[in-house]
Amino acid sequence: MRVTDLTGLPAGVPEHLEDAGIEELYPPQAEAVEKGVTDGESLVASVPTASGKTLIAELAMLSAVERGGKALYIVPLRALAGEKAREFEQFEQYGLSVGVSTGNYQSNGERLANNDVIVATSEKVDSLVRNGARWVDDLACVVADEVHLVDDSHRGPTLEVTLAKLRARVPDLQTVALSATVGNADELAAWLDAELVDSDWRPIDLRTGVHYGQALHLDDGTTRELPVERGEAQTAAIVRDTLQDDGSTLVFVNSRRNAEGAAKRLANVVAKELTDGQRAELAEVAEEIRADSDTETADTLASAVERGAAFHHAGLSRTQRELVEEAFRDRLVRTVCATPTLAAGVNTPARRVVVRDWQRYDGDAGGMKPLDVLEVHQMFGRAGRPGLDPYGEAVLVTDNHDGLEELFERYIYADPEPVRSKLAAEPALRTHVLATVATRFATTREELLEFLDGTLYAEQTDETGRLEQVTDDVLAYLEANEFIERDDGLRATETGELVSRLYVDPMSAAEIIHGLRQADEETSPLGFYHLVSRTPDMYELYLRSGDREQYTELLYEREAEIPGSTPSEFSEGEFEDWLSALKTAKLMEDWTEELDEDRIAERYGVGPGDIRGKTETAEWLLGAAERLAGELDLDCTTAVRDARKRVDYGVREELLDLAGVRGVGRKRARRLYRAGIEDRSDLRNAEKSTVLGALRGRRKTAESVLAAAGHPNPEMDDVRADPDAAPDESDADGGAADASEQGQASLGDFE
């Protein structure tokens, strides 16, 4: 089918696609059109990565807009939202408006009402519905990308409930679900009342196999020599072979430490193949990585990137991950060693994919556990990019013959597992039941159960009464914590409605409310950080060897500052959790005491992405705590607000006002403060030479900061920096001195 034969699209779009090199539709795309995707028919497309799923979604959304409706594209990750929005912006020349929304769970997103195509995560869509986004009723089409992730125990229930709620709220809503090849695509289609396109077609050949000995054993029964030199690791040999064919390699390993270690070693392989021009370009990328963070992780990453390799995991900051992904897509970085998170949709294809580690630690299993077939096949799908690679190759590795046979049976010849709903678990249902009641989507138990009957779980389950029992348990919990009332029906209390809009787990809200009611004049910012750190919405830091004794000592030293009752040391699990929350809170306190990021990373054994993830989560939860304290008219509201601002800005109390000026931030605020500029008013009226000196002579930065503060004349033409205001070179980062240097010992100084 030719794209120029397509109908129902905005004028000019078929010709635009043809000009972009898409003359003929791929077979799965043509089948989707034949089954009515451009006519408003719902569809599940279960096809391999790089086989044209995005165009299927675009055809559905564009035809929906042409019919006068809006289209919503749901992504599993924030990083994907921006990527997809930029991709869809190519159609703005045909009168469409594209919007993206990922953060601020307390917003109703009314600004999105003017957009024709909206890109958002499932969590954001869920929060928009809770906060009364009226434009949802104008939707004609919703696309769920990576819909097989309903199988994920953490994010799956939100995607499942969100789709069920949108379909129940908007009559005749076209639902297009894009999935990897799964074992039960027909069940997904039945759940969504959708047509099914189930195909294993790919635009370029994907070869899969196992490297063993001196050869690559492929799925078609052939064997190709791929020698390993003396003292060389198998992965290094595969990367070297790929480079000789001018290809790139994506290596999947099972931990952050392994990703970093492998990248260091493989950088030695890649560096031998770089030209002087490539080295110069890589040096620029490395400098951007170092500029983003002063941690050891950033320096290690930059050093690998300078030699053409990189690692990618959740410990990196968002900026670092984006720099690595862009350099890899541009074939500048030739090898990336990644944890499996990179397989979940981010556009990073390679000539070869190597799954080095096919087992990872599982706490529930108490040891190493093989990866699911679906997850490994998702990694395989990253191999090969149409238009750039003649083929894609996905390789597992083993050092013994038994392993060769096992890997073929376990992954190469195996079908992916069926997708199973994870909804019928109390933690998953708590938040969604409250939201369903709070938004008056269901006002009786019967209506609630009728709504839940439209979920994938209800489609799949053969456990009679299981969902009903869990729902009743959740309703009892919500009533006991005064989030709902059950008289003649179901009604959310004012507090329950607020909790739903704040998008926190009701169990987190219950813990926060209990702690806020126990807070007094002795409760410190550390105490509020501990309060939010012990909620289900915060991933606590693990206690390492030796941590228990140190944090127990800190706990009893500062126990009065922490609201709530400390568990008994004999309650092993509860006491350990309390100490883990204290360790997490202490990281936040160090952040607000302006300890340098590299010191924090070293002290707690984390990366820059972890630090920012923890502080962003804390800021969100403290914002919720502030709203709840105000709702309940508690005396600690102001103290919670100050603690929230401090963790948001990463500063001591005296810098709160200054750090709130756009473009200032924690380090610049400290430099300005040391130059005698102590608040926004001082900055507004400051001598420009003083500001320029404090900001290291950076004129554009100084101008933007002064403009944000309301300075009457922020221009820096002919202004000379005051050398007396320049930061002390002995404190190159401009941060506050460590607590230990000011006479106050810190727990971390004894680690």
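Quick caveat: nothing in here was measured; it's all calculated off a predicted structure.

*Asks:* Quick question: what am I supposed to make of the overall build of the protein chain here?
*Replies:* Counting its secondary structure elements, the protein chain contains 31 helices and 19 strands. Taking 751 residues into account, the globule formula puts the C-alpha radius of gyration at 27 Å, and the protein chain, at 28 Å, falls close to it. If one aligns the C-alpha atoms of the protein chain with their principal axes, the spans along those axes are about 75 × 70 × 60 Å. Scored against the burial criterion, the 751 residues of the protein chain give a buried share of 56%.

*Asks:* Would you mind showing me how to read helix α3 (residues 53–66) here?
*Replies:* Note: α-helices contain 3.6 residues per turn, so residues at a spacing of three or four share the same orientation. In this model α3 runs 20 Å from its N-terminal to its C-terminal C-alpha over 14 residues, within 8% of the 20 Å that 1.5 Å per residue would give. Of all 14 residues in α3, 13 are buried; the element is thus mostly enclosed. At the exit of α3 stands Gly 68, carrying a positive phi of roughly 100 degrees.

*Asks:* Would you take a moment to explain the side chain of Asp 610 for this structure?
*Replies:* Take Asp 610: it is sitting in helix α25 (residues 608–631). Residues within four places of Asp 610 in sequence aside, it is in contact with Arg 256, Ala 314 and Gly 315.

*Asks:* How should the packing of helix α19 (residues 494–502) against α25 be read in this particular structure?
*Replies:* Helix packing for two helices is described by the angle between their axes and how far apart those axes are. Contact geometry of α19 with α25 gives a least axis separation of 11 Å together with a crossing angle of 160 degrees. Judged by the inter-axis angle, α19 sits roughly antiparallel to α25. Here α19 runs over α25; the crossing is right-handed. Of α25, the residues touching α19 (which contributes Glu 494, Thr 495, Leu 498, Val 499, Arg 501 and Leu 502) are Trp 620, Ala 624, Arg 627, Leu 628 and Glu 631.

*Asks:* Explain the sheet that holds strand β12 (residues 309–312) to me, please; I cannot follow it from the model alone.
*Replies:* Across a sheet, paired strands are connected by hydrogen bonds in the backbone, their directions being either parallel or antiparallel. Strand order in this open sheet of eight strands is β10-β9-β8-β17-β14-β11-β13-β12, and the pairing throughout is mixed. Both outer strands of the open sheet, β10 (223–225) and β12, are each paired with one neighbouring strand and no more. Sheet twist, expressed as the average angle between the axes of neighbouring strands with direction ignored, equals 25 degrees. With three bridges joining them, strand β9 (residues 215–218) and β10 adopt antiparallel strand pairing. Residue pairing in the sheet places Leu 216 in a bridge with Arg 224 of β10. Each of β8 (206–212), β11 (249–252), β14 (352–355) and β17 (392–397) touches helix α13 (residues 373–380); the most contacted strand, β14, lies at about 150 degrees to it.

*Asks:* For this particular structure, what's the right way to read the packing of aromatic side chains?
*Replies:* Each pair of aromatic rings is reported with the distance of its centres and the angle of its planes. Taken as a whole, this structure holds five aromatic pairs when the rule is applied. Between Phe 408 and Tyr 413, the ring centres sit 5.3 Å apart and the planes meet at 45 degrees, which makes this aromatic pair tilted. Phe 408 gets classed as buried once you look at its relative accessible area, which sits at 9%. Above the plane of the ring of Phe 441 lies Lys 165, whose end atom (NZ or CZ) is 5.8 Å from the centre.

*Asks:* I tried to follow unusual backbone geometry on my own but got confused; where do I start?
*Replies:* Most of the time, phi is negative for any residue but glycine, and the peptide bond is trans. Although it is not a glycine, Asp 246 adopts a positive phi angle of roughly 60 degrees. Secondary-structure assignment places Asp 246 in the loop between α8 (234–244) and β11. Using a relative accessible area of 53% as the deciding quantity, one classes Asp 246 as exposed. Positive phi values are uncommon outside glycine, yet Tyr 503 reaches one of about 65 degrees.

*Asks:* Just to check I follow, could you spell out a negative patch on the surface for this structure?
*Replies:* A cluster of acidic residues, Glu 281, Glu 284, Glu 287, Glu 288, Glu 322, Glu 326 and Asp 330, forms a negative patch at the surface. Broken down by secondary-structure element, the contributors of at least two residues to the negative patch are α10 (276–292) and α12 (318–329). It is α10 that provides the largest number of residues to the negative patch, a total of four residues. Within the secondary structure, Glu 284 sits in helix α10.

*Asks:* Just checking my understanding: could you explain the pairing of β12 for this structure?
*Replies:* Each regular strand carries side chains that alternate between the two faces of the sheet. Side chains of β12 alternate between two faces, with Ala 309 and Phe 311 and Ala 310 and His 312 buried alike. In terms of strand pairing, β12 meets strand β13 (residues 335–338) through four bridges, oriented parallel. Bridge assignment links Ala 309 to a residue of β13, and that residue is Thr 335. Between the parallel pair β12 and β13, the chain is carried across by α12, and the sense of this crossover is right-handed.

*Asks:* Can you help me understand the confidence of the model for the protein chain in this one?
*Replies:* Mean pLDDT for the protein chain: 92, with 96% of residues reaching 70 or above. Long-range and interchain partners of residues 729–751, a stretch whose pLDDT sits below 50, account for 43 contacts in this model, where long-range means more than four residues apart.

*Asks:* What exactly am I supposed to notice about helix α22 (residues 547–558) here?
*Replies:* Between its terminal C-alpha atoms α22 stretches 16 Å, which fits the 16 Å expected from 12 residues at 1.5 Å a residue. Among the residues of α22, those classed as buried are Asp 547, Tyr 551, Thr 552, Leu 554, Leu 555 and Arg 558. The buried residues of α22 occupy an angular sector of 165 degrees when projected down its axis, which confines them to one face. Away from its buried face by more than 90 degrees, α22 exposes Glu 549, Glu 553 and Glu 557. The elements touched by buried residues of α22 are α21 (525–533), α23 (572–592) and α24 (597–604).

*Asks:* Teacher, can you tell me more about the environment of Gln 320 here?
*Replies:* Along the polypeptide, Gln 320 turns up in helix α12. When the C-alpha atoms of Gln 320 and Ala 298 are compared, they prove to be 7.9 Å apart, with 22 residues separating the residues in sequence. Residues contacting Gln 320, with those up to four places away along its chain left out, are Ile 289, Asp 292, Ser 293, Ala 298, Leu 301 and Pro 608.

Cut-offs applied
- Residues numbered from 1 in each chain as written.
- Predicted model: local features only at pLDDT ≥ 70, side-chain atom pairs only at ≥ 80, totals over all residues.
- Heavy atoms only, no water.
- Helix = DSSP H or I, 4+ residues; strand = E, 2+ residues; numbered from the N terminus.
- Rg over C-alpha atoms; globule rule 2.2 N^0.38 Å.
- Buried < 20%, exposed > 50% of the residue type's maximum accessible area, 1.4 Å probe, protein only.
- Expected span 1.5 Å × (residues − 1).
- Contact = heavy atoms within 4.5 Å.
- Axes fitted to C-alpha atoms, helices over the stretch in contact; angles between N-to-C directions.
- Parallel < 35°, antiparallel > 145°, perpendicular 65-115°, else oblique.
- Left-handed = near helix turned anticlockwise from the far one by under 90°.
- Pairing = 2+ DSSP bridges.
- Phe/Tyr/Trp six-rings, centres within 6.5 Å; stacked < 30°, edge-to-face > 60°.
- Lys NZ or Arg CZ within 6 Å of the ring centre and 35° of its normal.
- Patch = residues over 30% accessible without salt bridge, like charges linked within 9 Å, V, L, I, M, F, W, Y side chains within 5 Å.
- Areas by Shrake-Rupley, 256 points an atom, 1.4 Å probe, with all protein chains shown as cover.
- Salt bridge = Lys/Arg side-chain N within 4 Å of Asp/Glu carboxyl O.
- Lys, Arg positive; Asp, Glu negative; His and termini not counted.
- Charge placed at Lys NZ, Arg CZ, Asp CG, Glu CD.
- Right-handed = clockwise from strand over helix to strand, strands pointing away.
- pLDDT = per-residue confidence, 0-100.
- Arc of directions from axis to C-beta.

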